[in-house]
Amino acid sequence: MVKLFGAKKNIAVFISGNGSNLKNLIEHSFKKNSKFKITLVVSNKAKAKGLQYAKKYRIKKKIVNYQNIKKAEHKILVEIKKNNIDLICLAGYMKILSKNFIENFEGKIINIHPSLLPKYKGLNTHKRVLDKHEKYSGCTIHYVNSNLDSGKIILQKRIKIYNGDTVNKLARRILKQEHILYPKALKKVLTNL
Ligand code: GRF
């Protein structure tokens, strides 16, 4: 397929849960000067709440059964190719992509993580951050490589932790920042793509 100069980039968003980042990216894609459109939503969970946004905005969705990871990733790859996807955005996707899959899409998968990477990779970040009495936390957008939450950092936002913060309070405050940071990171990434 021939791509026109200046055409919007096709993005696939991978989710497993609430999809507030997905919703936010969809809304940004409708803005006047947006350089991207969300063309595909992939979920490993048929009941992911975020799938409602794919339905609402009539975006193609693919629900993938992960009983066999090889088959699951193959199905995803087929969809990615079929839909001419330029960039994959992970947004709360709870499956780890294989080395093979990542290499197929070298430099074209990004993720959002709710901590100041390289600190607090993996799950339960907010609890671990609070247990360690950190003064700051935040969120990071990074390229995905085959080591968990370790790829090159694209953008990061730091926020202060207050006395009396709980996991929920912190998660909510960081999520707000995620919604500002992800579109900014996309702008940055897409100009280099
Ligand atoms: C976010 O906190 C993101 O950083 C993490 O998973 C959460 C997803 O939230 N990777 P949502 O599904 O986009 O609301």
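Refer to the structure above for everything that follows.
Residues numbered from 1 in each chain as written. Predicted model: local features only at pLDDT ≥ 70, side-chain atom pairs only at ≥ 80, totals over all residues. Heavy atoms only, no water.

## Some thoughts on the environment of Ala72
Position of Ala72 among the secondary structure elements: in helix α3 (residues 69-82). C-alpha separation for the pair Ala72 and Lys49, spaced 23 residues apart in sequence, amounts to 20 Å. With residues near it in sequence (within four places) discarded, Ala72 still touches Val64, Asn65 and Tyr66. (Helix = DSSP H or I, 4+ residues; strand = E, 2+ residues; numbered from the N terminus. Contact = heavy atoms within 4.5 Å.)

## Regarding the site of the ligand
Close to the ligand lie Asn18, Gly19, Ser20, Asn21, Gly92, Ile112, His113, Pro114, Leu175 and Glu178. In the environment of the ligand, an oxygen atom lies 2.6 Å from a nitrogen or oxygen atom belonging to the side chain of Ser20. Relative to its unbound accessible area of 370 Å², the ligand is 81% covered by the protein chains. Contributing elements (two or more residues each) for the shell around the ligand: α1 (20-29), β5 (109-113) and α6 (167-191). (Near = heavy atom within 4 Å. Polar contact = N/O pair within 3.5 Å; in protein donor to acceptor, adjacent residues only side chain to side chain. Areas by Shrake-Rupley, 256 points an atom, 1.4 Å probe, with all protein chains shown as cover.)

## Describing the sheet that holds strand β3 (residues 60-63)
In space, the 7 strands of this open sheet follow the order β3-β2-β1-β4-β5-β6-β7, with mixed pairing throughout. Only two strands of the sheet have a single neighbouring strand rather than two, namely β3 and β7 (153-160). Averaged over neighbouring strand pairs, the angle between their axes works out to 20° when direction is ignored. The pairing of strand β6 (residues 136-143) with β7 spans 7 bridges and is classified as antiparallel. Across the sheet, Tyr136 pairs through a bridge with Lys160, a residue of β7. Running over the sheet, α1 touches β1 (9-15), β2 (36-43), β4 (87-90) and β5 and is turned about 160° from β2. Strands in contact with α6 are β1, β2, β4, β5, β6 and β7; relative to β7, the strand with the most contacts, it is inclined by about 155°. (Pairing = 2+ DSSP bridges. Axes fitted to C-alpha atoms, helices over the stretch in contact; angles between N-to-C directions.)

## Overview of the pairing of β5
Consecutive residues of a regular strand have side chains that alternate between opposite faces of the sheet. Of all 5 residues that make up β5, 5 are buried, and the element is covered over most of its length. The side-chain alternation of β5 yields two buried faces, one formed by Ile109, Asn111 and His113 and the other by Ile110 and Ile112. Of the crossover connections in this fold, the one passing from β4 over helix α4 (residues 99-104) to the parallel β5 is right-handed. Two elements, β5 and β6, share 4 bridges in a ladder whose sense is antiparallel. When the sheet's bridge partners are listed, Ile110 is paired in β6 with Tyr143. (Buried < 20%, exposed > 50% of the residue type's maximum accessible area, 1.4 Å probe, protein only. Right-handed = clockwise from strand over helix to strand, strands pointing away.)

## Describing the packing of α1 against α6
Packing of α1 against α6 leaves a shortest axis separation of 10 Å and a crossing angle of 45°. Relative to α6, the element α1 lies oblique. Between α1 and α6 lies a crossing whose hand is right-handed. When α1 is examined against α6, the residues Ser20, Asn21, Asn24, Leu25 and His28 are found in contact with a partner set consisting of Leu175, Glu178, His179, Tyr182, Pro183 and Leu186. Within the contact of α1 with α6, the residues separate by chemical class into 5 nonpolar, 5 polar and 1 charged. (Parallel < 35°, antiparallel > 145°, perpendicular 65-115°, else oblique. Left-handed = near helix turned anticlockwise from the far one by under 90°. Nonpolar A, V, L, I, M, F, W, Y, C, P; charged D, E, K, R; others polar.)

## Things to note about the packing of aromatic side chains
Tallied over the entire structure, the rule returns 3 aromatic pairs. Measuring from ring centre to ring centre gives 6.4 Å for Tyr66 and Tyr93, while their planes differ by 65°; the resulting arrangement is edge-to-face. In this pair, Tyr66 sits in the loop between β3 and α3 while Tyr93 sits in the loop between β4 and α4, placing the two residues 27 residues apart along the sequence. Note on Tyr93: relative accessible area 9%, which makes it buried. Of the aromatic side chains, those joined through ring pairs into one cluster are Phe14, Tyr66 and Tyr93. Of note, Arg158 hangs over the ring of Tyr136, and the distance from its end group to the ring centre comes to 3.8 Å. It is Lys160 that lies over the ring of Tyr136; its NZ or CZ is 5.8 Å from the centre. (Phe/Tyr/Trp six-rings, centres within 6.5 Å; stacked < 30°, edge-to-face > 60°. Lys NZ or Arg CZ within 6 Å of the ring centre and 35° of its normal.)

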